[in-house]
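Spelled out from the first residue to the last, the chains are:
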Amino acid sequence: MGTVAAVTGTTIAPGTARAAPAPLKTDGAARTTTVCPFCGVGCGQIAYTKGNELLHIEGDPDHPISEGTLCSKGAALSQVTNNPRRLRQVMYRAPGSSKFEPRSWEWAYARIAERVKATRDASFQTKSGGRTVNRTEAIACLGGAALDNEECYLLVKAMRMLGITYIEHQARI
Ligand code: SF4
């Protein structure tokens, strides 16, 4: 302050200049806890949103695993959503085709159901070596690290119901 006054020849009375804190980009945003989808550690995150817009993601200090910390991937997670190169629709490449074509989600769900049923029907085994097995070995399920306990429970139940025995999880690979 003394240096500025000496150089410019002016005086600044205490209390006349006040720095106002800059508004935070998260001011007024909804705050939702979630889990990082990138790896099996499952760090806790807080997502800040306004309407459909994701403003910011940061570590959740109350999460028992990560206690507010995130690695560089988790800290940059908002870039997955806020990215002009993000695919927002189903892209389908037909057998033998060299190009992907857009399809609706409804079309994709129906197609998956058709393919699962056809594969299961064609491969279902009721017996093996005289023992009842009721299984298909032609379909496998790979879970993602972002699945929580409840989602994994439901997924495994659904796969077992179909007779699928090859069930694995990304975090173990
Ligand atoms: S923040 Fe990093 S360590 Fe934590 S779950 Fe995400 S990718 Fe894994």
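Residues numbered from 1 in each chain as written. Predicted model: local features only at pLDDT ≥ 70, side-chain atom pairs only at ≥ 80, totals over all residues.

1. What to know about the overall build of the protein
Thinking step 1. For the protein, the helix and strand inventory stands at five helices and eight strands.
Thinking step 2. In the protein, the order of α-helices and β-strands from amino to carboxyl end is α-β-β-β-α-α-β-β-α-β-β-α-β.
Thinking step 3. Within the span of the protein, comprising 173 residues, buried residues form 7% of the whole.
Thinking step 4. By sequence separation, contacts in the protein at least 24 residues apart represent 36% of the contacts at least 6 residues apart. (Helix = DSSP H or I, 4+ residues; strand = E, 2+ residues; numbered from the N terminus. Buried ≥ 20, exposed ≤ 12 C-beta atoms within 10 Å, placed from the backbone. Contact = placed C-beta atoms within 7 Å.)

2. What to know about the sheet that holds strand E2 (residues 44–50)
Thinking step 1. Taken in spatial order, the three strands make up an open sheet running E1-E2-E3, and their pairing is antiparallel. The open sheet terminates on both sides in strands that have one partner only, identified here as strand E1 (30–35) and strand E3 (53–59). Within the sheet, the average angular offset between the axes of one strand and its neighbour, ignoring direction, is 30 degrees.
Thinking step 2. The sheet contact formed by E2 and E3 spans six bridges and is antiparallel. Across the sheet, the residue bridging to Ala47 is Ile57, located in E3. (Pairing = 2+ DSSP bridges. Axes fitted to C-alpha atoms, helices over the stretch in contact; angles between N-to-C directions.)

3. Re the site of the ligand
Thinking step 1. The full set of residues close to the ligand is Cys36, Phe38, Cys39, Val41, Gly42, Cys43, Ser66, Leu70, Cys71, Lys73 and Gly74.
Thinking step 2. Here the residues of the shell around the ligand sort into seven nonpolar, three polar and one charged. (Near = placed C-beta within 6 Å. Nonpolar A, V, L, I, M, F, W, Y, C, P; charged D, E, K, R; others polar.)

4. Considerations on the environment of Trp107
Thinking step 1. Here Trp107 lies in helix H4 (residues 105–123).
Thinking step 2. C-alpha separation for the pair Trp107 and Val90, spaced 17 residues apart in sequence, amounts to 9.0 Å.

5. Observations concerning the sheet that holds strand E7 (residues 131–143)
Thinking step 1. Spatially, the three strands line up as an open sheet ordered E6-E7-E8, and their pairing is mixed. Strands at the two margins of the open sheet, each flanked by one partner only, are strand E6 (125–128) and strand E8 (164–169). Between one strand and the next, the sheet's axes are offset by a mean angle of 45 degrees, whatever the strand orientation.
Thinking step 2. Strand direction decides the pairing type here: E7 and E8, joined by five bridges, are parallel.

6. Concerning the pairing of E1
Thinking step 1. Among the six residues in E1, zero count as buried, and that is only a small part of the element.
Thinking step 2. Pairing analysis gives six bridges linking E1 to E2, with the strands arranged antiparallel. What sits directly across from Thr34, in E2, is Gln45.

7. Looking at helix H5 (residues 149–161)
Thinking step 1. Compared with the 18 Å implied by 1.5 Å per residue over 13 residues, the 18 Å span of H5 between its first and last C-alpha is a close match.
Thinking step 2. For H5, the buried fraction is low: zero of the 13 residues fall into the buried class.
Thinking step 3. In the segment just after H5, Gly163 is the residue with positive phi, at about 85 degrees. (Expected span 1.5 Å × (residues − 1).)

8. Concerning the nonpolar core
Thinking step 1. In terms of nonpolar packing, the biggest core is built from five residues, these being Cys36, Cys43, Ile57, Leu70 and Leu77.
Thinking step 2. Setting aside residues no more than four positions away along its own chain, Cys43 makes contact with Cys36, Gly59, His63, Ile65, Ser66, Thr69, Leu70 and Gly74. (Core = buried A, V, L, I, M, F, W, Y, C linked by C-beta atoms within 7 Å.)

9. Some points on the confidence of the model for the protein
Thinking step 1. Per-residue pLDDT for the protein averages 89, and the proportion of residues at 70 or more is 90%.
Thinking step 2. Long-range and interchain partners of residues 1–6, a stretch whose pLDDT sits below 50, account for four contacts in this model, where long-range means more than four residues apart. (pLDDT = per-residue confidence, 0-100.)

10. Considerations on unusual backbone geometry
Thinking step 1. Positioned with a positive phi, Glu67 is a non-glycine residue whose angle comes to about 50 degrees.
Thinking step 2. With phi around 45 degrees, Asn134 is a residue other than glycine that occupies positive phi space.

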